[in-house]
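Residues per chain, in single letters:
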Amino acid sequence: MHEHGAALAQLLLEGNQDEAWEYINEYRKKGKDSLYIYEHIITAGMGHIGSLWETNKISVADEHLATSTCDFLLARYQMEKKKEQNPSNSKKAMFLCVESEQHYLGIKMASQLFSEAGWTTRFHGPNLPLEYAKKTAVDWQPDVICLSFSILYHAEHLNPYIAELEKLPNRPIVMIGGRLLSHYEFSRYGSKKTIFMKNLEDVRDWIKRHPPGVKSSVSY
Amino acid sequence: MCPTKFLPQPYFRISTDFAILTVSDRSLEIYEPSGNFLDLVDWESRNKAAQLLAKKDERAEGELIMKTKDSPYALVDVSVVWDKSEGHIICLQKDHRLAELESIVEKHRLRLAETNLELLEKKEQVEKSLNEIKSLSCPFIKLTKGTALVPLFGNLDQKLIQQNEERIMHKAHDGDYEDILFDFNGVGTLTDEGVDAFIMLIKELQIMGISPSIIGIKPNHAFYLNRSPAKLDVPFLNSLSKAFKAIM
């Protein structure tokens, strides 16, 4: 995992889209699944970039370049996966980062895991204020709404988002994710129904237990 | 009076345990009053700050996330110089115009990403349509119980044959046909690879016991067919009615 982190991080920091793509595509061709590629290659790469900033080797500007290169990588990977995935059916999931939150790569990977499993997904990216999230959810009626945050100060947004979204007429399942969840407990911000995901493996396991073809009233 | 008070940038003079000894007025405009410099640093940047401040024999520079009056996590360029037991720090907040520019670039990037995907989708649609066109350019028409007509349309290239040969051979076999007429009246130009692939198809049909004939060859077609090293052993006729009479 560390080996992947440093190797991919280098390509992302160079903005080298083509070689970064070749790097993950090799593993795809060898039969590694999306969870492995997202968690052990891409997340490890971005984690390594974070540690390079912490040790004063790169600046935030370098991180921005790496983020946008990584974003392209994810888009291309999803295009490739789309060719082999089942057509999406009726179950819908929407994905967004809470207000002010700019770190969206993690939730983008989560949304791609959902769509690969046959869910119809809508990815709203970073910084979606609650009023827009609510309006979209009222119009589109998703079964699941996934929220992400990575900065501790943004955890204060969780409470209103969760409360407002869980009481929408179609009673969507609200799911929370982000890098801090594997280190800290945030359940106090949610209700008994809210689902907290520690990592992408949790997301994959939840998707496996809730195939999109089966409508269910069970919400956890 | 300490002259550093009037420095036009946030300035901190600290002790070896990072206690703040003096600040410039500009520091107090941007940061809350604090006893220790590390208290002004975001919790996730404290290790980095401690490492930066520990470099006492050289000027150290780096980015830190700091708590300002406006934001709990502002990105700041920090420079530190130590003079014996006192550290002198300048904290320059990243220009907000840079953040605005970043957000504009981000919007453009999103737009480009969408366009890129839309283009890729369109490209796939076009490729699919092209394949359909190629299939439609080589219809298999039943004329009588034992005779079928295959009019070719467009350019005779390798792709046209590759995409249709299997269908033609299956239909010829399943329908128990004896004669198949390939009509070149609708063919534009030929390629060498296309001619080779076509000759292969003709030979395969002959092995299956079917008699192919070719009609409507134009001068430019003749040039290509004659140039190919593999010669065709089939009747060439200049019109469908003649071919029909020959078969009947």
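Keep in mind that this is a model prediction, so the values were computed, not measured.

1. A closer look at the interface of chain B and chain A
On the side of chain A, twelve residues touch chain B, which itself brings 13 residues to the contact. Elements with a contribution of two residues or more to the side of chain B that touches chain A: helix H2 (46-53), strand S3 (60-66) and helix H3 (96-136) of chain B. Residues belonging to the side of chain B that touches chain A are distributed by class as follows: seven nonpolar, two polar and four charged.

2. Focus on the nonpolar core
All names here are of chain A. Counting 56 residues, the largest nonpolar core has Leu12, Ala110 and Cys146 as the members making the most contacts within it. No other element matches the eight residues that helix H3 (residues 34-54) contributes to this core. Residues from two domains meet in this core; each of domain 1 (2-82) and domain 2 (92-209) gives at least three. Setting aside anything within four residues of it in sequence, one finds Ala110 in contact with Phe95, Cys146, Gly177, Leu200 and Val203.

3. Side note on helix H4 (residues 158-174) of chain B
All names here are of chain B. Here H4 is 17 residues long and its end C-alpha atoms lie 24 Å apart, about the 24 Å a rise of 1.5 Å per residue gives. Of all the bends found along H4, the most pronounced is centred on Asn164 and spans about 45 degrees. At the exit of H4 stands Asp176, carrying a positive phi of roughly 60 degrees.

4. Considering unusual backbone geometry
Residue and element names in this part refer to chain A. Positive phi values are uncommon outside glycine, yet Asn56 reaches one of about 65 degrees. Residue position: Asn56 is located in the loop between H3 and helix H4 (60-82). Assessed through the 16 C-beta atoms surrounding it within 10 Å, Asn56 is described here as partly exposed. Phi at Ser100 takes a positive value of approximately 75 degrees, unusual for a residue other than glycine. Given 15 C-beta atoms within a 10 Å radius, Ser100 is considered partly exposed.

5. Here we look at the packing of helix H5 (residues 105-116) of chain A against helix H8 (residues 200-209) of chain A
To describe two helices that pack against each other, one gives the angle between their axes and the distance between the axes. All names here are of chain A. Look at H5 against H8: their axes get within 10 Å of each other, and the N-to-C directions meet at 20 degrees. Viewed along their axes, H5 and H8 adopt a mutual orientation that is roughly parallel. Of the two elements, H5 crosses H8, and the hand of that crossing is right-handed. Only Leu200, Val203, Arg204 and Ile207 of H8 make contact with H5, whose side of the interface consists of Met109, Ala110, Leu113 and Phe114. When its residues are assigned to classes, the contact of H5 with H8 shows seven nonpolar, no polar and one charged.

6. Concerning the pairing of strand S9 (residues 211-215) of chain B
All names here are of chain B. Counted residue by residue, S9 has four buried out of five residues, so it is predominantly covered. As defined by bridge partners, strand S8 (residues 179-190) adjoins S9 across five bridges and the pair is classed as parallel. Its bridge partner being in S9, Phe182 is matched across the sheet by Ile214. Once you follow S8 into helix H5 (residues 192-207) and on to S9, the crossover reads as right-handed. Pairing between S9 and strand S10 (residues 236-237): two bridges, direction parallel. If you follow Ile214 over to S10, its bridge partner there is Phe236.

7. Observations concerning the sheet that holds S3 of chain B
All names here are of chain B. One open sheet holds the five strands; their spatial order is S2-S1-S5-S4-S3, and the pairing between them is antiparallel. At either margin of the open sheet sits one strand with a lone partner, and together these are strand S2 (20-23) and S3. Pairs of neighbouring strands in the sheet enclose a mean axial angle of 30 degrees, with direction left out of account. Bridge analysis of strand S1 (residues 11-14) against strand S5 (residues 86-93) gives four bridges, and the strand direction is antiparallel. For Arg13, the partnering residue across the bridge sits in S5 and is His88. Packed on one face of the sheet, H2 meets S3, strand S4 (74-83) and S5 and runs near 155 degrees to S3.

Conventions we followed
- Residues numbered from 1 in each chain as written.
- Chains lettered and ligands numbered in written order.
- Predicted model: local features only at pLDDT ≥ 70, side-chain atom pairs only at ≥ 80, totals over all residues.
- Contact = placed C-beta atoms within 7 Å.
- Helix = DSSP H or I, 4+ residues; strand = E, 2+ residues; numbered from the N terminus.
- Nonpolar A, V, L, I, M, F, W, Y, C, P; charged D, E, K, R; others polar.
- Core = buried A, V, L, I, M, F, W, Y, C linked by C-beta atoms within 7 Å.
- Buried ≥ 20, exposed ≤ 12 C-beta atoms within 10 Å, placed from the backbone.
- Domains from an automatic or database assignment.
- Expected span 1.5 Å × (residues − 1).
- Bend = angle between axes of the 7 residues up to and from the residue.
- Axes fitted to C-alpha atoms, helices over the stretch in contact; angles between N-to-C directions.
- Parallel < 35°, antiparallel > 145°, perpendicular 65-115°, else oblique.
- Left-handed = near helix turned anticlockwise from the far one by under 90°.
- Pairing = 2+ DSSP bridges.
- Right-handed = clockwise from strand over helix to strand, strands pointing away.

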